[in-house]
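If you want the building blocks of each chain, they are given just below.
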Amino acid sequence: MKAYKGFNNKLQCTLTEDITFQYEVGKTYETDEVNLCNTRFHACEYPLDVFSYYPPAKSRFCEVELFEVDGKKDNDSKIAGKKIEIKAEIGLKGLVEAAVNFTFDKVDWNNLDEKSSATGYQGAASATGDWGAASATGYQGAASATGIRGAASATGDWGAASATGIRGAASATGYQ
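1. Looking at the packing of aromatic side chains
What the rule picks out here adds up to eight aromatic pairs. Between Phe21 and Tyr29, the ring centres sit 5.4 Å apart and the planes meet at 80 degrees, which makes this aromatic pair edge-to-face. Both residues of the pair, Phe21 and Tyr29, count as buried. With a centroid separation of 5.1 Å and 65 degrees between ring planes, the pair formed by Tyr46 and Phe102 is classed as edge-to-face. Taken together, the positions of Tyr46 in the loop between β5 (42-44) and β6 (60-70) and Phe102 in helix α1 (residues 91-105) put the pair 56 residues apart, joining distant regions of the chain. Assessed through its relative accessible area of 4%, Tyr46 is described here as buried. Phe102 gets classed as partly exposed once you look at its relative accessible area, which sits at 23%. Ring-pair connections join several aromatic residues into one group, and the members of that group are Phe7, Phe21, Tyr23, Tyr29 and Phe41.

Take a look at the structure:
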C-alpha cells in the first residue's frame with residue numbers, strides 16, 4: 001500500500017527515548033509482527049498526517065510502500081506494516097503535491113457543479129469552471145478550485161486549500 005513517512009533530519013525514526021532506527025532510500029525492512037502501536041514500520045495514507053509526528057521544518061519525507069498492513073488506524077491515517085520499502089525522498093513540496101493528488105483522487109469528476117462543498121472527518125471539495133468555488137470543513141478537510149476566478153477554503157485541524165487561475169485564492173485555517 002502506498003503511504004508517506006516522516007523522519008528526523010538523519011532519516012531516522014525514534015523507537016523510544018534513546019533508541020532510533022536508521023532508514024535508507026531504496027531499502028526494504030521487515031519485521032515478524034505488525035501492530036499499530038508497537039511496530040516500527042508506520043506511515044500515513046494521507047500525506048499531511050505525517051506532520052502529527054514530524055514537523056515540516058526539521059524533517060525529511062518519503063513515499064513508501066507498506067506490505068501486510070494492519071487494518072487498524074490511529075486518530076488519523078497512520079497505519080503499520082510488517083514490511084516497508086522506502087521508495088523515494090519527496091521533501092515538503094512532494095508531500096504537499098501528494099496531498100493535492102490524494103484529494104483529487106477522491107473527487108467524482110463526473111458529478112461536479114460550479115460550486116462544491118464538503119464537511120466531515122476527511123471531507124474533500126473540488127470545483128472547476130470560470131466561477132468555481134470550493135469549501136471543505138472538518139478534521140482534515142481539503143479544498144481545491146480551478147478556473148478564472150476559482151477560490152478554495154478549508155478549515156479544520158489539518159485543512160488544506162489550493163486554488164489556480166487568474167484570480168485564484170486559497171485559504172486554510174486550523175491547527176496545521
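2. Here we look at the environment of Arg40
Counting through the fold element by element, Arg40 comes out in the loop between β4 (28-30) and β5. Classification of Arg40 as partly exposed rests on a relative accessible area of 32%.

3. Focus: the pairing of β6
Looking along a regular strand, one sees the side chains alternate between the two faces of the sheet. In terms of strand pairing, strand β1 (residues 2-7) meets β6 through six bridges, oriented antiparallel. Among the inter-strand pairings, Lys5 is bridged to a residue of β6, identified as Cys62. By the bridge criterion, eight bridges tie β6 to strand β7 (residues 78-89) in an arrangement that is antiparallel. Opposite Cys62, over in β7, you have Glu89 as the bridge partner.

4. Considerations on the nonpolar core
In this structure, Tyr23, Ile84 and Ile86 are the most contacted members of the largest nonpolar core, which totals 26 residues. Broken down by secondary-structure element, the contributors of at least two residues to this core are β1, β5, β6, β7 and α1. Considering every element that reaches this core, the biggest residue donor is β6, with four residues. Residues contacting Tyr23, with those up to four places away along its chain left out, are Lys5, Phe7, Leu11, Cys13, Tyr29, Arg40, Phe41, Ile84 and Ile86.

The rules we used
- Position numbers for residues start from 1 in each chain and track the written sequence from start to end.
- Since the coordinates come from a predicted model, pLDDT governs what is reported: local features require at least 70, and pairs of side-chain atoms require 80 or more to be given and counted, while whole-chain, interface and lining totals use all residues.
- Side-chain numbers here rest on the full set of heavy atoms in the structure, without hydrogens or water.
- Between 30 and 60 degrees the pair is tilted, below 30 it is stacked and above 60 it is edge-to-face, where a pair is any two Phe, Tyr or Trp rings, Trp via its six-membered ring, whose centres lie within 6.5 Å.
- The classification of residues rests on relative accessible area computed with a 1.4 Å probe and restricted to protein chains. Under 20% of the type maximum is buried, over 50% is exposed, and intermediate values are partly exposed.
- In this description a helix means any DSSP run of H or I spanning at least four residues, a strand means any run of E spanning at least two, and both kinds are numbered starting from the N terminus.
- Strand pairing requires that DSSP identify at least two bridges connecting the strands.
- What we call a nonpolar core is a set of buried Ala, Val, Leu, Ile, Met, Phe, Trp, Tyr and Cys residues that are connected through their side-chain atoms within 4.5 Å.
- Contact criterion: two residues are considered in contact whenever any of their non-hydrogen atoms come within 4.5 Å of each other.

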